[in-house]
Amino acid sequence: THTHTPVSPSPRIASMAADIAPRLRIALVGCGIFARDSYASVLLSEPLNSQVRVVALFSGSEASAVRLREDKFASSQPDVYFGAEGLDVLLARADIDAVFLLLPIHLQQEAIQKALRAGKHVLSEKPVAPSSHIASELVSFHATHAPTRLWGVAENFRWESGLQAAREHCPKNVQTFTLCARMSMAVDNKYLATPWRKNPTFAGGFLMDGGVHFAAALRHVLSDEFRVVGAPQLDYEEESVASAFAHVPSPRSVRATVESEKAGVRGLVDMTYCGTGEAQVELTVVGAETTLVVQRLTSSLIAQHAALCGSIRFGYLITLTRSGQAGEEPLFQRCYPFDGVARELERYCAQVAAAAAAQQNLEGDVEPVTLIDDLLSPQAGLQDVLLIERLLGLA
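Quantities reported herein were computed from a predicted structural model and do not represent experimental measurements.

Draft legend 1. Here's a closer look at the sheet that holds strand β7 (residues 174–184). In spatial order, the strands read β8-β9-β10-β7-β11-β12-β13-β14; together these eight strands make up an open sheet with mixed pairing. The open sheet terminates on both sides in strands that have one partner only, identified here as β8 (226–234) and β14 (332–337). Each strand axis lies, on average, 10° off the axis of its neighbour in the sheet, ignoring direction. With six bridges joining them, β7 and strand β10 (residues 266–275) adopt parallel strand pairing. Paired with Cys180 across the bridge in β10 is Asp270. Taken strand by strand, helix α8 (residues 161–168) contacts β12 (290–296), β13 (315–322) and β14, and its axis lies near 15° from that of β13. Seen against the sheet, helix α16 (residues 378–391) touches β8, β9 (253–260) and β10 and runs at an angle of roughly 45° to β8.

Draft legend 2. View of the pairing of β13. Burial analysis of β13 places six of its eight residues in the buried class, which makes it a mostly covered element. Across seven bridges, the pairing between β12 and β13 is antiparallel. Residue pairing in the sheet places Leu292 in a bridge with Leu320 of β13. Where β13 lies against β14, six bridges are found, and the strand directions are antiparallel.

Draft legend 3. Representation of the sheet that holds strand β2 (residues 52–59) in the model. One open sheet accounts for six strands, arranged β3-β2-β1-β4-β5-β6; its pairing is parallel. Both outer strands of the open sheet, β3 (79–82) and β6 (151–154), are each paired with one neighbouring strand and no more. Sheet twist, expressed as the mean angle between neighbouring strand axes with direction ignored, is 20°.

Draft legend 4. Fine view of empty space enclosed by the protein. Evaluated as defined, the whole model comprises two cavities of 30 Å³ or more. Taken together, Phe157, Leu163, Leu179, Phe214, Ala217, Val221, Val281, Glu282, Leu283, Val294, Arg296 and Tyr316 form the lining of the largest cavity. Where the lining of the largest cavity is concerned, the elements lending two or more residues are α11 (211–222), β11 (280–287) and β12. Residues of the lining of the largest cavity, tallied by class, amount to 10 nonpolar, no polar and two charged.

Draft legend 5. View of the confidence of the model for the chain. For the chain, per-residue confidence averages 92 on the pLDDT scale, and 92% of positions sit at 70 or higher. Counting interchain partners and residues more than four positions distant, the pLDDT-below-50 stretch residues 1–20 has 41 contacts.

Draft legend 6. Representation of the packing of aromatic side chains within the structure. Under the counting rule described, the total for this entry stands at eight aromatic pairs. Pairing Phe100 with Tyr348 gives two aromatic rings, centres 5.9 Å apart and planes at 70°, and the pair type is edge-to-face. Of this pair, Phe100 sits in strand β4 (residues 98–101) while Tyr348 sits in helix α15 (residues 340–360), and the two are 248 residues apart along the sequence. Taken together, a centroid distance of 5.8 Å and an interplanar angle of 85° make the contact between Phe157 and Phe214 edge-to-face. Taken as a pair, Phe157 in the loop between β6 and α8 and Phe214 in helix α11 lie far apart in primary sequence, 57 residues in all. For the pair Phe157 and Phe214, a shared accessibility class is recorded, and that class is buried. Ring-pair connections join several aromatic residues into one group, and the members of that group are Phe34, Tyr39, Phe100 and Tyr348.

Draft legend 7. Here's a closer look at α16. With 14 residues, α16 should cover 20 Å at 1.5 Å per step; its first-to-last C-alpha distance of 20 Å lies within 8% of that length. Burial of α16 is extensive: 11 of the 14 residues sit out of reach of the surface. Within α16 the residues assigned to the buried category are Pro378, Ala380, Gly381, Leu382, Asp384, Val385, Leu386, Leu387, Ile388, Glu389 and Leu391. Gly393 lies just past α16 and shows a positive phi near 75°.

Draft legend 8. Broad picture of the side chain of Ser253. With respect to the helices, strands and loops of the structure, Ser253 is situated in strand β9. Within polar-contact distance, the side chain of Ser253 engages the backbone nitrogen of Tyr236 at 3.2 Å. Those residues within four positions of Ser253 in sequence are excluded, and the remaining contacts are Leu207, Gln233, Leu234, Asp235, Tyr236, Glu237, Met271 and Thr272.

Draft legend 9. Here's a closer look at helix α7 (residues 132–145). Over its 14 residues, α7 extends 20 Å from the first C-alpha to the last, a length consistent with the 20 Å expected when each residue adds 1.5 Å. On its buried face, α7 sits against α6 (105–117), β6 and α16.

Draft legend 10. Region of the structure containing the pattern of salt bridges. This model, assessed by the stated rule, comprises 19 salt bridges. A salt bridge links Asp384 to Arg158, with the nearest nitrogen and oxygen atoms 2.7 Å apart. Of the two residues, Asp384 is situated in helix α16 and Arg158 in the loop between β6 and α8; the sequence distance between them amounts to 226 residues. Comparing Asp384 with Arg158, the two get one shared label, buried.

Reading the values: the criteria
One numbering rule holds for all chains: residues counted from 1, following each sequence as written. In keeping with the model being predicted, local features are shown solely for residues with a pLDDT of at least 70 and side-chain atom pairs are shown and tallied solely at 80 or more, while totals for entire chains, interfaces and linings include all residues. With hydrogens and water excluded, all non-hydrogen atoms of the structure serve as input to the side-chain values. Following DSSP output, two strands are said to pair if at least two bridges run between them. Each helix corresponds to a stretch of at least 4 residues labelled H or I by DSSP, and each strand to a stretch of at least 2 residues labelled E; elements are numbered beginning at the N terminus. Fitted lines through C-alpha atoms serve as axes, helices being fitted only where they are in contact, and the angles separating the N-to-C directions of these axes extend from 0 to 180 degrees. By definition in these notes, contact holds between two residues if any of their heavy atoms fall within 4.5 Å. Throughout, exposure labels follow a simple rule: accessible area from a 1.4 Å probe, protein chains only, divided by the maximum for the residue type, with under 20% read as buried, over 50% as exposed, and the rest as partly exposed. Only protein atoms enter the calculation, which uses a 1 Å grid: trapped sets of points that fit a 1.4 Å probe without letting it out are cavities, open sets showing protein on both sides within 12 Å along at least five of seven lines are pockets, and any residue with an atom within 4 Å of a point is a lining residue. Grid points are joined across faces, edges and corners, and a volume is the space filled by probe spheres set on the points. Each residue gets one of three labels, nonpolar for Ala, Val, Leu, Ile, Met, Phe, Trp, Tyr, Cys and Pro, charged for Asp, Glu, Lys and Arg, and polar for the others, Gly among them. Per residue, pLDDT captures the predictor's confidence, and it can take any value from 0 to 100. Geometry of aromatic contacts follows a simple scheme: Phe, Tyr and Trp rings, the Trp one being its six-membered ring, pair when their centres are within 6.5 Å, and the pair is stacked under 30 degrees between planes, edge-to-face over 60, tilted otherwise. Here, expected helix span is obtained from the residue count minus one, scaled by 1.5 Å. Nitrogen and oxygen atoms within 3.5 Å of one another constitute a polar contact, given that in protein one can donate a hydrogen and the other can accept it, and given that sequence-neighbouring residues count only through two side-chain atoms. Counted as salt bridges are all cases of a side-chain nitrogen of Lys or Arg within 4 Å of a carboxyl oxygen of Asp or Glu.

Laid out in structure tokens, this is it:
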């Protein structure tokens, strides 16, 4: 796993949690690509390896759950559940503290409601829901039926150290901004191989599933909400490009002028899943005095900034310069590894542990913890989805 900065609650709450709570017992619901490639490695690395224990796995198919157990959790051998009734049986267990939901988008709503109704703390993967309407319903459901359960939405871009640094260095008096993301989606892409992504039943396809990350990044770095000005351009590629990427479900791309709601500043958002080669992501924010450039690392950037990147191969390059002073030495420049998944999981587990400690109420002066961290809040996830809907012309 990549180096990252642990995110912890206050020392007092943390020490209470450590003294009182045993290792958190986690169920992974969904055993697909992200559970295998990201969650498992974080949960099996320190500090979480000493703090949590994965006790159950669920997947729609037995083979998928067994494969994840044998590949990643062979030493602890968590119980496996699958099929139509498997999730209900898992949620009925009293020895599960929290459920991590990594299911296909169209299955998340029912699973979130079932887990909350069963009295579990829940961390669900982005997007919070396939639409802002369903997201609103889920927020209301949580408030009504499980207000003491911690429901967080895992949007790892909000937790990336590089994007947090970008937020801290974001220029004052922003004049304009541009967000460009060119994502490669070759025929053999592992994400395209999943049936629910290849033939989506939800609006937006990859622009909802993956584009929601960039919506979160824009909102986080600029600390603002955005409306679309005029009509967005969908599937804007030339015919030859569109033909070459016919295997990617439409809409494959969007280009739109957006305006920040608080600052009233206009900028451009351009996202496409018809890129080739390495993913290219760049956010430029031009202020009256400084200009911020956020770039996802590519092999050419790493070669250009070898000393700065060191051993980092996947992450962000953050550069702050004086506006209009091209070629001048940067005011700030640093490379950050991807660490968002680790930081969000650490924070969520710390909050569940603190909630458990508070409920023990051993000292009589600890208020129960019921509010999730702002960066994990379902409301933030709702705003991400709403921005994508606006870019798609749906809201």
